[in-house]
Amino acid sequence: MAKIIALVNQKGGVAKTTTANALAFGLVRSGKKVLLIDMDPQGNLTNSCGLEVDGEYPPVLKFLKIIPNVCFEGPVPITDKLDLIGSSIGLETANIILGGKPCREQYLKRAIDSYKNKYDYIIIDSNPSLSVITLNVLAACEEIIVPFKPEFNSESGVAMLLDTIEDMKFINHDLKIRGFLVTMVDSRRKSTQSGIAYIKEKAEKCNSKVYDATIRMSVYAADAPKVGLSLYDYKGDSNVAKDYAAFVNEFLNEEV
């Protein structure tokens, strides 16, 4: 039975998609079978896997089964142990269609149910905003990992996210934050240490943790998706690839 993990932060530019990609490929490297679901209409996770999809009816929109007479053809294999359900700007249609439907938050969860027995992990990359799409992600997942960039502007985003998660527990009673991952670290910035102190305080208050692994700022994190490669394949000896490998090891050690 797959464990369902979502990468969520209502603020953009915090390496959420990079983290989803690195976690998925890291789990595959450890022998796990993984399904990636791109729930961001920007489709960056899809593109980072070297895949382009239909702009109007992306696979993830079909997966939700909200468009009449449009069938979902199944996840696309990226490697022998990694499959992807891709996204594009067409996913924004879901916010409109689901807006007036009863149980509008449950469509992703229903769609995922038939895939739970096929994978070890289902990793969901969420959109950087609060919408019906986001609510579907929070209703479908079991655990959340919050990528956090240690700067002042990120703090308000985390505060709003924590409020949203508390509200969603009325629908998804077992929803919890597995941990906060500090990303895009630049040790030269004065805000770095204060940002890390802030997120540790928030994690303690919500009975969560901050991962020991921290992800350093790197151009390789931005360059790898352009060629459709994981960080490990693109520049495996780089600091950022080593940082993500340490995070994945920490993640897996929690499972023991």
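Residues numbered from 1 in each chain as written. Predicted model: local features only at pLDDT ≥ 70, side-chain atom pairs only at ≥ 80, totals over all residues. Heavy atoms only, no water.

Caption draft 1: Spotlight on the overall build of the protein chain. Secondary structure summary: the protein chain contains 11 helices and 7 strands in total. In terms of overall size, the protein chain behaves like a compact globule, its C-alpha atoms giving a radius of gyration of 17 Å where 256 residues would be expected to give roughly 18 Å. Summarising its shape, the C-alpha atoms of the protein chain cover approximately 55 × 40 × 35 Å along the three principal directions. Looking at the protein chain residue by residue over its 256 residues, the buried ones come to 55%. Considering the protein chain, the positive charge centre built from 30 side chains and the negative charge centre built from 32 side chains are found 2 Å apart. (Helix = DSSP H or I, 4+ residues; strand = E, 2+ residues; numbered from the N terminus. Rg over C-alpha atoms; globule rule 2.2 N^0.38 Å. Buried < 20%, exposed > 50% of the residue type's maximum accessible area, 1.4 Å probe, protein only. Lys, Arg positive; Asp, Glu negative; His and termini not counted. Charge placed at Lys NZ, Arg CZ, Asp CG, Glu CD.)

Caption draft 2: Region of interest: unusual backbone geometry. Positive phi values are uncommon outside glycine, yet Ala 15 reaches one of about 70 degrees. Topologically, Ala 15 is positioned in the loop between β1 (3-7) and α1 (16-29). One non-glycine residue with positive phi stands out, namely Asn 207, at about 55 degrees. Structurally, Asn 207 is set in the loop between α8 (191-205) and α9 (219-223).

Caption draft 3: Focus on helix α7 (residues 152-168). Here α7 is 17 residues long and its end C-alpha atoms lie 26 Å apart, about the 24 Å a rise of 1.5 Å per residue gives. Among the residues of α7, Ser 154, Glu 155, Gly 157, Val 158, Leu 161, Leu 162, Thr 164, Ile 165 and Met 168 are the ones counted as buried. Buried positions along α7 lie against α6 (132-140), β6 (143-148), β7 (176-182) and α8. (Expected span 1.5 Å × (residues − 1). Contact = heavy atoms within 4.5 Å.)

Caption draft 4: Seen up close, the packing of α1 against helix α11 (residues 239-255). Two elements in contact, α1 and α11, have axes whose closest approach is 9 Å; the angle formed by their N-to-C orientations is 65 degrees. By crossing handedness, the relation of α1 to α11 is classed as right-handed. Residues Thr 18, Thr 19, Ala 22, Leu 23, Gly 26 and Leu 27 of α1 pack against Tyr 244, Phe 247, Val 248, Phe 251 and Leu 252 of α11. Here the residues of the contact of α1 with α11 are counted per class, giving 8 nonpolar, 3 polar and no charged. (Axes fitted to C-alpha atoms, helices over the stretch in contact; angles between N-to-C directions. Left-handed = near helix turned anticlockwise from the far one by under 90°. Nonpolar A, V, L, I, M, F, W, Y, C, P; charged D, E, K, R; others polar.)

Caption draft 5: Looking closely at the pattern of salt bridges. In total, this model carries 16 salt bridges according to the counting rule given. Where Arg 178 meets Glu 254, a salt bridge forms, and the shortest distance between an N and an O atom there is 2.7 Å. Placement of the pair is Arg 178 in strand β7 and Glu 254 in helix α11, with a sequence separation of 76 residues. For Arg 178, a relative accessible area of 8% gives the class buried. Given the relative accessible area of 29%, Glu 254 is considered partly exposed. Among the ionic pairs, Glu 201 bridges to Lys 205, the shortest N-O distance being 3.3 Å. On the criterion of helical spacing, the pair formed by Glu 201 and Lys 205 is a turn pair, its members being 4 residues apart in helix α8. On the accessibility criterion, Glu 201 (43% relative accessible area) is partly exposed. (Salt bridge = Lys/Arg side-chain N within 4 Å of Asp/Glu carboxyl O.)

Caption draft 6: Spotlight on the sheet that holds strand β2 (residues 34-39). The sheet built from 7 strands is open, its strands ordered β3-β4-β2-β5-β1-β6-β7 with mixed pairing. The open sheet has two edge strands with one neighbour each: β3 (76-79) and β7. The mean inter-strand angle of the sheet, taken between neighbouring strand axes irrespective of direction, is 25 degrees. Pairing geometry for β2 and strand β5 (residues 121-126), over 6 bridges, is parallel. Its bridge partner lying in β5, Ile 37 is registered against Ile 124. (Pairing = 2+ DSSP bridges.)

Caption draft 7: Expanded view of α8. Helix length check: α8, at 15 residues, gives a terminal C-alpha distance of 21 Å against a target of 21 Å (1.5 Å per residue), a fit within 8%. Taken together, the buried positions of α8 are Thr 192, Gly 195, Ile 196, Tyr 198, Ile 199 and Ala 203. When α8 is viewed along its axis, its buried side chains cluster within an angular range of 160 degrees and face the same direction. Away from its buried face, by an angle of more than 90 degrees, α8 presents the exposed residues Gln 193, Glu 204 and Lys 205. Looking at the buried side of α8, the elements it contacts are β6, α7 and β7. (Arc of directions from axis to C-beta.)

Caption draft 8: View of the packing of α7 against α8. Contact pair α7 / α8: the axes reach a minimum separation of 11 Å and the direction vectors enclose 10 degrees. Between α7 and α8, the angle falls in the class roughly parallel. For the pair α7 and α8, contact is made by Glu 155, Val 158, Ala 159 and Leu 162 and by Ser 194, Gly 195, Tyr 198, Ile 199 and Lys 202, respectively. Split into classes, the residues belonging to the contact of α7 with α8 amount to 5 nonpolar, 2 polar and 2 charged. (Parallel < 35°, antiparallel > 145°, perpendicular 65-115°, else oblique.)

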